[in-house]
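# Structural characterization, general
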Amino acid sequence: MGITVVGIRFKKVGKIYYFDPGEEKLVSGDGVIVETVRGVEFGHVVAGPLEVEEEDVVAPLKMVIRKATAEDGRQLIINREKETRAFQIGLEKIATHGLPMKLVGVEQTFDGNKVIFYFTADGRIDFRELVKDLASVFRTRIELRQIGVRDEAKMVGGLGCCGRELCCSTWLSDFASVSIRMAKDQNLSLNPTKISGICGRLMCCLKYENESYVQAKEGYPEAGSLVMTPDGEGRVAGINIFKESLNVELKESKTLKEYSREEVTLKNNQANEEGRHKQGRPERTGEERD
C-alpha cells in the first residue's frame, strides 16, 4: 500500500525532504510549517502530493504541522532581518576572539530556538568561548557549523566563467563527485585555472555531459593505440568525436595526419598494450571532493 507524501524545500536550492501532508490539501508552492531535527521550520512544497511505496520512506515520516499563514510570512521576514543583524554581530565577536575563521552565513530557525552560524576555516577551530559569548547576546541555542568551499560558493553565490550565475546557487541541489578523468574524457585543458570554479574545486558542469562523451568515445581506439591507415601503420595521437576523426602519427614519415574513423583499423591487442605502456603511466584520476 502506498503512502502520500509531499516534498518540501527550506532553501532556494536546498535538498528536498519528504513529509506526511496529513489532512492538509497542499499543492506545489504552498508555504508550510513543519518540525525538523533543527526545530520548527518554514518551508515550501516543491513536489507532490506523491504516492510512494512504504519501503521507500525513511522512517519516521513526520507530519506537516499546518499550512503557513500570512502571519507566518511576516514572521519569516522578521527572522531574515534578525539573521542580517546576527551576521554583523558574529563578525564582531569573531574579530574580538581573534579566531582564524570566515563567517559565511547565519540562519535562525522559524521558532527562534536556534541560531546557526556557518563558517569556513583551514583547520579545526576551538570556538567554545565564542559560542558562550554569542549565547549571552542572543539568549538562545547557538550552533557553529564548519562548511566546505563548495557550500560557501552555494551560499554566497556569484558568476561562473560562463558569465552565468553559479549552478550551485541557482538550481543544483546536490553536489556530484567530479574527477579529473571527466576533463580528460572531454579533451579539456588540464590547467587548474581553466577547469576550476570560483570555489577552487573542479567545475560541477564537467559532470553534465561526461556520460555523453564517454559513450561517444566507445567506438574509437584509445590514444597511443597502434592502428592501420590508408598511408600505413601509425599511432593514435588524439580523437575528435565531433568531426568523427582521429589524429594519427604515421610510423614511417613521423608526420601527424587526420583520418575519418572509417579509414582507421585497430591493430592487435598485444602491440597496443606495449604501445600504451611506452606512453608512460596514466595520470592520477582521483576525485575532488569537499
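Residues numbered from 1 in each chain as written. Predicted model: local features only at pLDDT ≥ 70, side-chain atom pairs only at ≥ 80, totals over all residues. Heavy atoms only, no water.

## Some remarks on the overall build of the protein chain
Scanning the protein chain from terminus to terminus reveals eight helices and 15 strands. Over its C-alpha trace the protein chain gives a radius of gyration of 27 Å, far above what one expects of a compact globule, namely 19 Å for 290 residues. Referenced to the eigenvectors of the C-alpha coordinate spread, the extents of the protein chain come out at roughly 80 × 55 × 35 Å. Taking all 290 residues of the protein chain together, the buried fraction comes to 34%. Long-range contacts, defined here as pairs at least 24 residues apart, represent 58% of the contacts in the protein chain between residues at least 6 apart. (Helix = DSSP H or I, 4+ residues; strand = E, 2+ residues; numbered from the N terminus. Rg over C-alpha atoms; globule rule 2.2 N^0.38 Å. Buried < 20%, exposed > 50% of the residue type's maximum accessible area, 1.4 Å probe, protein only. Contact = heavy atoms within 4.5 Å.)

## Considerations on helix α2 (residues 128–138)
Buried residues of α2: Leu130, Asp133 and Leu134, and no others. Taken end-on, α2 shows its buried residues confined to a sector of 95°, consistent with a single buried face. Among the exposed residues of α2, those pointing more than 90 degrees away from its buried face are Arg128 and Lys132. Looking at the buried side of α2, the elements it contacts are α1 (70–97), β7 (114–120) and β8 (141–146). (Arc of directions from axis to C-beta.)

## Observations regarding the sheet that holds β7
The strand order across the open sheet built from three strands is β6-β7-β8, with neighbouring strands paired in mixed fashion. Where the open sheet ends on each side, the last strands, each with one partner, are β6 (102–108) and β8. When strand polarity is set aside, the average angle formed by the axes of neighbouring strands in this sheet is 20°. Lying on the sheet, α2 is in contact with β7 and β8; it crosses β8 at an angle near 140°. Strand contacts of helix α3 (residues 149–156): β6 and β7, with the helix running at about 60° to β6, the strand carrying the most contacts. (Pairing = 2+ DSSP bridges. Axes fitted to C-alpha atoms, helices over the stretch in contact; angles between N-to-C directions.)

## Side note on the sheet that holds strand β11 (residues 232–240)
Sheet architecture is open: five strands sit in the order β13-β12-β11-β10-β14, paired in antiparallel fashion. At either end of the open sheet lies a strand with only one pairing partner, and these are β13 (256–260) and β14 (265–266). Here five bridges tie strand β12 (residues 245–250) to β13, and the two strands are oriented antiparallel to one another. If you follow Asn247 over to β13, its bridge partner there is Glu258.

## Here's the deal with α1
Spanning 28 residues, α1 covers 41 Å between terminal C-alpha atoms, matching the ideal 40 Å at 1.5 Å per step. For α1, every residue scored as buried is listed here: Asp72, Leu76, Asn79, Glu83, Ala86, Gly90 and Ile94. For α1, the elements touching its buried residues are β3 (31–36), β4 (39–53), β5 (64–67), β6, β7 and α2. In the stretch just after α1, Gly98 is the one whose phi turns positive, near 65°. (Expected span 1.5 Å × (residues − 1).)

## Quick word on the confidence of the model for the protein chain
Per-chain confidence: the protein chain averages 86 in pLDDT, with 91% of residues scoring 70 or above. Below pLDDT 50 for its whole length, residues 274–290 participates in 30 contacts with residues either more than four positions away or in separate chains. (pLDDT = per-residue confidence, 0-100.)

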